[in-house]
Amino acid sequence: MTVPVDRRGWLRIAGALVLAGRGQRATAQQTAVVPPSRLRPIPGSGERIPAVGLGSWITFNVGRDAAARAQCAEVMRAFFAAGGRLIDCSPMYGSSQEVIGEGLRRIGAAQQVFAADKVWVAPASRGPAQIEASRALWGLPRFDLLQVHNLLAWQQHLPPLFEMRAAGRVRYVGVTTSEGRRLNEVEQIMRSQPIDFVQVTYSLADRRVEDRILPLARERGIAVIANRPFEQGDLLQVLQRHALPPVAAPLQCTSWAQFALKFVVSHPAVTCAIPATTRVDHVRENMAAGFGLWPDEAQRQLMRVQTEKML
Amino acid sequence: MTEWWTYRVRSFVLFSARTYERLIEAYNAELWPLQAVVWLAAVAALAWLARGPSAARDRLVLGGLAAAWSAVAWAFEYRRFAAINWAAGYAAMVFAAQAAALLWLALRSRVALRRGARIDRAGLAIAALGVAYPLLAPATGRPWTLAEVVGFMPAPTAIVTLGCLLRAKPARTPLLVVPIATCAFEGALAWALYGGRP
């Protein structure tokens with residue numbers, strides 16, 4: 001799939017190449033990585049998806065509010081227009097599944113979406129019924145990815161999910177956790193179960209998964225979805241009290257949101273980050289972080305150091 | 001739920017403050033001007049409670065509270081709040097049970113809402129706070145469209161019930177559990193939606 005880099009994105013890439021062409025001394029602040037594609041591979045299959053997806057925790061749970069549902073559809077329209085594909089949801093998220101399904105129908109994006117949902121029920125015998133109800137709400141023939149939400153009854157949920165995968169009724173299987181909970185158990189699952197995806201919290205402020213989970217994901221060929229890249233907005237609220245640090249300029253970050261997202265998606269183990277938003281301008285800004293210049297490891301270190309005292 | 005100590009109140013709230021407010025605004029708009037009628041009836045009941053003993057009055061007040069809990073269970077929790085909060089369906093069942101218990105109290109028991117001068121005054125003051133609850137919206141800088149009225153929203157209904165049941169003789173302590181839990185939940189919800197930010 002070709003990612004549509006917009007005019008602004010190409011200008012940014014061209015700007016970086018001009019700097020290099022002038023022979024300017026490469027410093028850690030100027031060196032930037034221009035990856036050949038803004039798509040990240042799913043290790044198990046080689047399928048490539050955009051590095052920035054769309055979360056739906058809270059933002060899409062708007063109930064029967066017609067105006068709010070229409071707004072969610074516009075967020076989705078802007079998301080797909082910017083090349084987005086992966087949308088993540090769960091039965092836990094109230095009316096979010098229904099709102100996503102309505103949005104997909106409204107804008108005709110059923111073919112474009114990489115549908116990632118979750119099973120969140122115990123006992124696990126109720127899983128198939130919940131998955132079918134979720135699928136009906138999305139209005140899709142099948143999910144691309146099904147994840148065991150917050151590891152609830154994972155021992156009982158994973159075998160039937162693997163059977164679904166073998167039968168072609170789902171393409172990928174994964175597990176999720178958030179805010180650093182039960183990482184030991186996540187590691188155990190990654191080592192022992194043939195999962196395709198693991199979803200964990202990863203942000204500038206919460207880097208607990210860097211030590212073991214992310215390296216293990218690379219070693220085991222497991223794709224990583226990073227949730228809460230903005231810590232539900234709290235991270236940006238704290239950072240926005242400060243000016244962007246020096247390392248932001250060579251990375252062409254125009255906002256803290258882009259700074260925070262580029263930090264997350266530039267980790268080599270991360271496949272996709274899923275920031276959530278109710279605003280069209282914010283989703284465009286988020287998607288722009290998946291294009292242009294990404295930090296190399298030296299710049300990532302600078303990003304950590306230059307924001308440490310702010311957090 | 002393992003590692004329960006890592007969860008905050010906010011972790012359990014599935015919706016934004018804006019979504020919740022729009023829900024209340026739409027609910028109020030749909031039912032207006034019923035709120036004004038019910039509120040005036042609540043003020044009249046308060047004034048009546050402040051007067052001498054009356055078995056008929058006490059039964060009517062308890063019956064009115066039963067109707068209030070039924071209305072909140074059906075019109076708010078089940079028909080509206082459950083659309084964004086799956087736990088509201090369970091709350092509706094609990095509120096319905098509270099309504100049934102209050103109705104039984106009104107019809108079958110010999111309880112009086114008159115216990116002693118000091119506790120009667122305290123109970124009346126608490127009930128008055130519940131009746132005055134709609135003023136919290138403009139007092140906190142929010143529009144009148146977000147006003148919460150007894151018989152329509154859980155918090156004022158719980159507070160008025162607490163005030164009345166504190167006066168109950170003999171005491172009906174088990175019936176205080178749901179109003180107290182409701183007040184605690186509403187306080188936690190307000191904190192999660194509007195407080196606790198960096």
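Residues numbered from 1 in each chain as written. Chains lettered and ligands numbered in written order. Predicted model: local features only at pLDDT ≥ 70, side-chain atom pairs only at ≥ 80, totals over all residues.

> Mind showing me how you'd approach the interface of chain A and chain B here?
Much of the literature gives interface size as the accessible area that the parts lose upon coming together. At the interface, 16 residues of chain A touch 15 residues of chain B. Considering every element that reaches the side of chain A that touches chain B, the biggest residue donor is helix α8 (residues 234-239) of chain A, with three residues. Here the residues of the side of chain A that touches chain B sort into five nonpolar, five polar and six charged. (Contact = placed C-beta atoms within 7 Å. Helix = DSSP H or I, 4+ residues; strand = E, 2+ residues; numbered from the N terminus. Nonpolar A, V, L, I, M, F, W, Y, C, P; charged D, E, K, R; others polar.)

> Looking at this model, I keep getting lost on the nonpolar core. Mind explaining?
Grouped burial of nonpolar side chains is what soluble globular proteins tend to show. Counting residues in each nonpolar core, the largest one holds 138 residues, and the members touching the most others are Val224, Ala260 and Ala273 of chain A. If one sorts the elements of this core by residue count, helix α3 (residues 55-78) of chain B sits on top with ten residues. Residues contacting Ala260 of chain A, with those up to four places away along its chain left out, are Ser203, Leu204, Pro229, Phe230, Leu235 and Leu236 of chain A. (Core = buried A, V, L, I, M, F, W, Y, C linked by C-beta atoms within 7 Å. Buried ≥ 20, exposed ≤ 12 C-beta atoms within 10 Å, placed from the backbone.)

> Explain the confidence of the model for chain B here, please?
The predicted model of chain B averages 94 in pLDDT, with 97% of residues at 70 or higher. Predicted complex, confidence summary: ipTM 0.90, pTM 0.88. (pLDDT = per-residue confidence, 0-100.)

> Is there a simple way to explain the pairing of strand β4 (residues 114-119) of chain A in this structure?
The two faces of a sheet get side chains in turn, since along a regular strand they alternate between them. Residue and element names in this part refer to chain A. By the criterion of burial, β4 is predominantly enclosed, with six of the six residues buried. Sheet topology places strand β3 (residues 86-88) next to β4; three bridges connect them, and they run parallel. Within the sheet, the bridge partner assigned to Asp88 lies in β4 and is Ala116. Once the chain exits β3 it traverses helix α3 (residues 96-107) before rejoining the sheet at β4, and the crossover so formed is right-handed. As paired strands, β4 and strand β5 (residues 143-148) are joined by four bridges and run parallel to one another. Its bridge partner lying in β5, Asp117 is registered against Leu146. Each parallel crossover has a hand, and for β4 linked through helix α4 (residues 127-138) to β5 it is right-handed. (Pairing = 2+ DSSP bridges. Right-handed = clockwise from strand over helix to strand, strands pointing away.)

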